[in-house]
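Residues per chain are reported as follows:
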Amino acid sequence: MEQDPRRGIPRTDVVLGDPRVVAAAGRLGREQVKAAVVGAQGRARAGEIGPGDVVEAALAALEGGLRPVLNATGVVLHTNLGRAALSPAAVEAVVAAAGHTDVELDLDSGRRAKRGRDALAALAAAVPDAGGVHVVNNGAAALVLAATVLAQGREIVVSRGELVEIGDGFRLPDLLVSTGARLREVGTTNRTSREDYAAAVGPETGFVLKVHPSNFVVRGFTRSVGIGELRGLGVPVVADIGSGLLAADPLLPDEPDAASTLRAGAHLVIASGDKLLGGPQAGLLLGDAALVERLRRHPLARALRVDKLTLAALRATVAGPETPTWQALRMDAGELRARTERVAAELAGAGVAAEVTGSVAVVGGGGAPELELPSWAVALPEAYARPLRTGEPPVVGRVVRGRLLLDLRCVPAAQDRALVSAVLRADA
Ligand SMILES: *Cc1c(COP(=O)(O)O)cnc(C)c1O
């Protein structure tokens, strides 16, 4: 039997009379509090929260923390929206680890245990070519640790074509130099040969660095050198692969993966946890066992140590089921079109100027800059963009030629109703 979702939702004046809500209105002003109450009622109508949770949801929305957002941009790994969305298994693991947990204790013996051993074991199992595994805060931290341990006061040999800016003005060359290492640039923007590297390697070399151009492509008269060719230079080869793919993925033929890079001869692979791996923000260091142990024992490693929540989410991601990132990349276009048509029809039926349009989704901040995923979107008048962003839940789409496109690829199907309700409430 269909339940009336409206039944039992408390009226606005009743919620505004709740003593906690009255107190919040005293602090924050009645207008802001009323907007939060209306938003919470909307969520209850959409079935996202129970009718009894309206007061709590309104108060939570007023607390000013990070808010859950519906990512209708069609950008799978949107840096401004927190990159990868965690899998339900990873979310559960985070919640379970939030209190006291055995992150560094062996419950059997009662003695101290290796921190995050389950996450490290999961990574080692996923990448058998890695003799050692370590995890730090993010990819940048992993680079800083490697540069500090292997090249402080010495040289990092790197191609001029791989001195990349990663975003928000942060540049890898600046990051590397901040450790006290010197850059020994070789080759040119478009072409670097093995001889360039060989001529630069000497007693001052700490390591040779290969950086995957994860957010741009150089085309035309180009040449670069594979890991295998660098292996024979007699110095450590560190490969920053960026995206965090642990094994080769046929959908992403131009994205390097940890296993193949290690097999090709890299001594150390560096990658992010929250790009194509689809996990929490983290920096993965995989490679030669003795080298990884040196990194792990360096004093700086303590400053880059990850939280128990990260370790919990990482283990669940690596050992667990397909991630939302993986699913969004492979979403069936027919199924996506059917969902999009349902949403557009419902909106049009309610008098909203909504139609279905073709769209192109992309990976975003996580790599594969050239990959285009044919997609579908609900097109609305552009005037919906701001009210949808500031509504509850916030919905972020993409404005293309005067229309707001809502691409459902990265919106969980279970949230389609919430998205419809958000549009119907938006005062465009
Ligand atoms: C993203 C990226 C980084 C930085 O990693 P964070 O996890 O964002 O710190 C470094 N190098 C490459 C090649 C990247 O793609």
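Criteria and cut-off values
- Residues numbered from 1 in each chain as written.
- Predicted model: local features only at pLDDT ≥ 70, side-chain atom pairs only at ≥ 80, totals over all residues.
- Heavy atoms only, no water.
- Core = buried A, V, L, I, M, F, W, Y, C linked by side-chain atoms within 4.5 Å.
- Buried < 20%, exposed > 50% of the residue type's maximum accessible area, 1.4 Å probe, protein only.
- Helix = DSSP H or I, 4+ residues; strand = E, 2+ residues; numbered from the N terminus.
- Contact = heavy atoms within 4.5 Å.
- Near = heavy atom within 4 Å.
- Polar contact = N/O pair within 3.5 Å; in protein donor to acceptor, adjacent residues only side chain to side chain.
- Areas by Shrake-Rupley, 256 points an atom, 1.4 Å probe, with all protein chains shown as cover.
- Nonpolar A, V, L, I, M, F, W, Y, C, P; charged D, E, K, R; others polar.
- Pairing = 2+ DSSP bridges.
- Axes fitted to C-alpha atoms, helices over the stretch in contact; angles between N-to-C directions.
- Parallel < 35°, antiparallel > 145°, perpendicular 65-115°, else oblique.
- Domains from an automatic or database assignment.
- Buried area = accessible area lost by both parts, 1.4 Å probe.
- Salt bridge = Lys/Arg side-chain N within 4 Å of Asp/Glu carboxyl O.

### Here's the deal with the nonpolar core
Piece 1. Counting 38 residues, the largest nonpolar core has L123, V127, V135, Y197, V208, L284 and L286 as the members making the most contacts within it.
Piece 2. A per-element tally of this core places helix α6 (residues 117-126) first, with four residues.
Piece 3. If near-sequence neighbours (up to four positions away) are discounted, V208 is found in contact with V157, Y197, V201, L230, L233, V235, P236, V237 and V238.
Piece 4. F207, V211, V238 and L268 belong to the second largest nonpolar core, which has 28 residues in total.

### Quick notes on the site of the ligand
Piece 1. Surrounding the ligand, one finds 13 residues, the nearest of these being G139, S214, D240, S272 and K275.
Piece 2. D240 places a side-chain nitrogen or oxygen 2.5 Å from a nitrogen atom of the ligand.
Piece 3. Its free accessible area being 380 Å², the ligand has 93% of it covered by the protein chains.
Piece 4. Counting residues per element, the ones that place at least two in the shell around the ligand are α7 (139-151) and β9 (237-242).
Piece 5. Grouping the constituent residues of the shell around the ligand by class yields four nonpolar, six polar and three charged.

### As for unusual backbone geometry
Piece 1. Although it is not a glycine, D168 sits at a positive phi angle of roughly 55°.
Piece 2. Mapped onto the secondary structure, D168 falls in the loop between β5 (165-167) and β6 (170-171).
Piece 3. If you check the backbone angles, R401 has positive phi at about 45° while not being a glycine.
Piece 4. On the secondary structure map, R401 appears in the loop between β15 (398-400) and β16 (403-407).

### Comments concerning the sheet that holds strand β8 (residues 205-211)
Piece 1. Pairing within the open sheet is mixed, and its seven strands lie in the order β3-β11-β10-β9-β8-β4-β7. The two strands at the open ends of the sheet, each matched to only one other strand, are β3 (132-136) and β7 (182-186). On average, each strand axis in the sheet is tilted by 25° relative to the strand beside it, whichever way the strands run.
Piece 2. Sheet topology note: the β3/strand β11 (residues 283-287) ladder contains five bridges and is antiparallel. Bridging from a neighbouring strand, V135 pairs with L284 of β11.
Piece 3. Strands in contact with α6 are β3 and β11; relative to β3, the strand with the most contacts, it is inclined by about 130°.

### Here's the deal with the packing of helix α2 (residues 19-28) against helix α3 (residues 30-45)
Piece 1. Taken N-terminus to C-terminus, the directions of α2 and α3 make an angle of 135°; their axes are 7 Å apart at the nearest point. As far as their axial angle goes, α3 and α2 are oblique. Of the residues in α3, those in contact with V21, A24, A25 and L28 of α2 are R30, Q32, V33 and V37.
Piece 2. Among the residues making up the contact of α2 with α3, the classes are represented as six nonpolar, one polar and one charged.

### Some points on the side chain of S359
Piece 1. As for its placement among the helices and strands, S359 is situated in strand β12 (residues 355-364).
Piece 2. Separated by 3.1 Å, the side chains of S359 and D407 make a polar contact.

### A short note on the sheet that holds strand β13 (residues 373-381)
Piece 1. Read from one edge of the open sheet, five strands run β2-β12-β13-β16-β15, paired in mixed fashion. Looking at the sheet topology across the chains shown, the edges are occupied by β2 (75-77) and β15. Going across the sheet, the axis of each strand differs from the next one's by a mean of 45°, ignoring polarity.
Piece 2. Pairing geometry for β2 and β12, over two bridges, is parallel. Bridge pairing in β12 links L77 to G364.
Piece 3. Docked against the sheet, helix α16 (residues 333-349) engages β12, β13 and β16, running at close to 5° with respect to β13.

### A short note on the domain arrangement of the chain
Piece 1. The domain boundaries assigned to the chain delineate domain 1 (12-61), domain 2 (70-84 + 326-427) and domain 3 (88-321).
Piece 2. The gap between the C-alpha centroids of domain 2 and domain 3 is 33 Å.
Piece 3. At the junction of the two partners, domain 2 supplies 13 residues and domain 3 supplies 16 residues.
Piece 4. Here domain 2 and domain 3 share an interface that buries about 1200 Å² over both sides, 59% of which is from carbon and sulfur atoms.
Piece 5. Here domain 2 is connected to domain 3 by three salt bridges.
Piece 6. The salt bridge involving D249 is made with R330; its shortest N-O contact spans 2.6 Å.
Piece 7. Joining domain 2 to domain 3, the criterion identifies five residue pairs in polar contact (both at pLDDT 80 or more).
Piece 8. Across the side of domain 2 that touches domain 3, the residue classes break down as seven nonpolar, three polar and three charged.

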